[in-house]
Amino acid sequence: MDRIPRSSTEPEGNGFVEIVATVAAFIFMLITFPISVFMIFKVVQEYERAVIFRLGRLRSGGARGPGIFFVLPCIDVYTKVDLRTVSFDVPPQEVLTKDSCTVTVDAVVYFSIDNPLKSVVAVENFNHSTRLLAATTLRNVLGTRNLSEILSERETISHTMQAALDIATEPWGVKVERVEIKDVRLPVQMQRAMAAEAEATREARAKVIAAEGEMKAARSLKEASDVIAESPAALQLRYLQTLNTISAEKNSTIIFPLPMDLITPFMSLIKK
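Read on for a plain summary of the structure. (Residues numbered from 1 in each chain as written. Predicted model: local features only at pLDDT ≥ 70, side-chain atom pairs only at ≥ 80, totals over all residues. Heavy atoms only, no water.)

**Considering the overall build of the chain**
Here's step 1: Per the secondary structure count, the chain includes 9 helices and 8 strands.
Here's step 2: Surface summary for the chain: the accessible area is close to 18300 Å², and the carbon and sulfur share equals 59%. (Helix = DSSP H or I, 4+ residues; strand = E, 2+ residues; numbered from the N terminus. Areas by Shrake-Rupley, 256 points an atom, 1.4 Å probe, with all protein chains shown as cover.)

Structural data, given as structure tokens:
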């Protein structure tokens, strides 16, 4: 939407005063020649454009540049506009989230001038206005989000901010290219509470995993005992395997389990 008023552009027919001023400017230029050459010819760089006003009216033909352009002394005034991408930091904003948590968030915004005429005519200071709008938009966007969304969906929030800023600054001739959330700072008490919650969650998960391991181990022991019960010799082999394991560790004391089947006959003789 073009917000440059039609009355601000150069009219088709010049008034009498403007004609007289233009003729006087040409006469002054001829009188002061060749010194006036340094006053009438201006140069703008490849990344710049010049917006020219003649007697307070915007000249037709759009912005001039890059290269050399011509202005009349005393009646023409021009403003240079830089088309390069500009970045600025949004000051840290203290925001109350949707779930009533207080966080401090800062961001960085990248923008460039898309329409030099609008950036000069439609707004007094496009740079300052864009900075204020970015801070306001950051608070408004984060105010509709929960704390968990702010911490995990930074890219989505950045795109939302970019779209909102781009729509708002389009009448000023500004193109917002990128928005990035830099840092999200939480109060110390909230950090401690979140750390305690995370630690409790990890401990509960560890207990569940340990209980599941105990249950699987018990099932395996039950299956092993069923296999050993089917063959009495398997228990004796298990005794020998245990002794072999103990002896490999070079222990000075070895406990040797003696089967009760070997002792039973001797116990009977002692009783008799």
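Here the narrative resumes.
**Thoughts on helix H6 (residues 154-169)**
Here's step 1: Across its 16 residues, H6 extends 22 Å between first and last C-alpha, which sits within 8% of the 22 Å expected from 1.5 Å per residue.
Here's step 2: Within the sequence span of H6, burial applies to Ile157, Ser158, Met161, Leu165 and Thr169. Buried residues of H6 fall within an arc of 100° about the axis and therefore sit on the same side. Opposite its buried face, H6 presents the exposed residues Glu155 and Ile167, each directed more than 90 degrees away.
Here's step 3: On its buried face, H6 sits against strand E7 (102-113), helix H4 (126-142), helix H5 (147-152) and strand E8 (174-185). (Expected span 1.5 Å × (residues − 1). Buried < 20%, exposed > 50% of the residue type's maximum accessible area, 1.4 Å probe, protein only. Arc of directions from axis to C-beta. Contact = heavy atoms within 4.5 Å.)

**Considerations on unusual backbone geometry**
Here's step 1: For the bond running from Gly65 to Pro66, omega is -5°, close enough to zero to count as cis.
Here's step 2: When you line up the elements, Pro66 lands in the loop between strand E3 (57-58) and strand E4 (67-70).
Here's step 3: Residues other than glycine seldom take positive phi values, yet Leu55 does so here, at roughly 55°.
Here's step 4: Position of Leu55 relative to the elements: it lies in the loop between strand E2 (48-54) and E3.
Here's step 5: Notably, Ser100 is not glycine yet its phi reads approximately 60°, a positive angle.
Here's step 6: Following the sequence through the fold, Ser100 ends up in the loop between strand E6 (86-96) and E7.

**Comments concerning the pattern of salt bridges**
Here's step 1: Counted according to the given criterion, the structure contains 9 salt bridges.
Here's step 2: Ionic pairing is found between Asp76 and Arg59, a salt bridge with its closest N-O pair at 4.0 Å. Of this pair, Asp76 sits in strand E5 (residues 76-82) while Arg59 sits in the loop between E3 and E4, and the two are 17 residues apart along the sequence.
Here's step 3: The class for Asp76 is buried, based on a relative accessible area of 11%.
Here's step 4: Taking the shortest distance from any N to any O, the salt bridge between Glu180 and Arg178 comes out at 2.7 Å. (Salt bridge = Lys/Arg side-chain N within 4 Å of Asp/Glu carboxyl O.)

**Quick word on the sheet that holds E5**
Here's step 1: Pairing within the open sheet is antiparallel, and its 3 strands lie in the order E3-E2-E5. The two strands at the open ends of the sheet, each matched to only one other strand, are E3 and E5.
Here's step 2: Relative to E3, E2 runs antiparallel, the two being bridged by 2 bridges. Opposite Phe53, over in E3, you have Leu58 as the bridge partner. (Pairing = 2+ DSSP bridges.)

**Comments concerning the packing of aromatic side chains**
Here's step 1: All chains considered together, the criterion is met by 3 aromatic pairs.
Here's step 2: Taking the centre distance of 5.9 Å and the plane angle of 65° together, the rings of Phe41 and Phe70 count as edge-to-face. Taken together, the residues Phe41 in strand E1 (residues 41-44) and Phe70 in strand E4 connect sequence positions 29 residues apart.
Here's step 3: On the basis of relative accessible area, Phe41 is assigned to the partly exposed category, the value being 43%.
Here's step 4: Plain terms: the ring middles of Phe69 and Tyr78 are 5.4 Å apart, the flat faces sit at 80° to each other, and that makes the pair edge-to-face.
Here's step 5: Exposure remark for Tyr78: the relative accessible area of 28% places this residue in the partly exposed category.
Here's step 6: When the ring centre of Tyr47 is taken as origin, the NZ or CZ atom of Arg84, which lies over that ring, is 3.9 Å away. (Phe/Tyr/Trp six-rings, centres within 6.5 Å; stacked < 30°, edge-to-face > 60°. Lys NZ or Arg CZ within 6 Å of the ring centre and 35° of its normal.)

**Section: the nonpolar core**
Here's step 1: With 33 residues, the main nonpolar core has Val90, Val103, Val109, Leu138 and Ile181 as its most contacted residues.
Here's step 2: Where this core is concerned, the elements lending two or more residues are E6, E7, H4, H5, H6 and E8.
Here's step 3: Considering every element that reaches this core, the biggest residue donor is E7, with 6 residues.
Here's step 4: In this structure Val90 touches Asp106, Ala107, Val109, Ala134, Ala135 and Leu138, once residues within four positions along its chain are discounted.
Here's step 5: Counting 5 residues, the second largest nonpolar core, distinct from the first, contains Ala50, Ile52, Phe69 and Val71. (Core = buried A, V, L, I, M, F, W, Y, C linked by side-chain atoms within 4.5 Å.)

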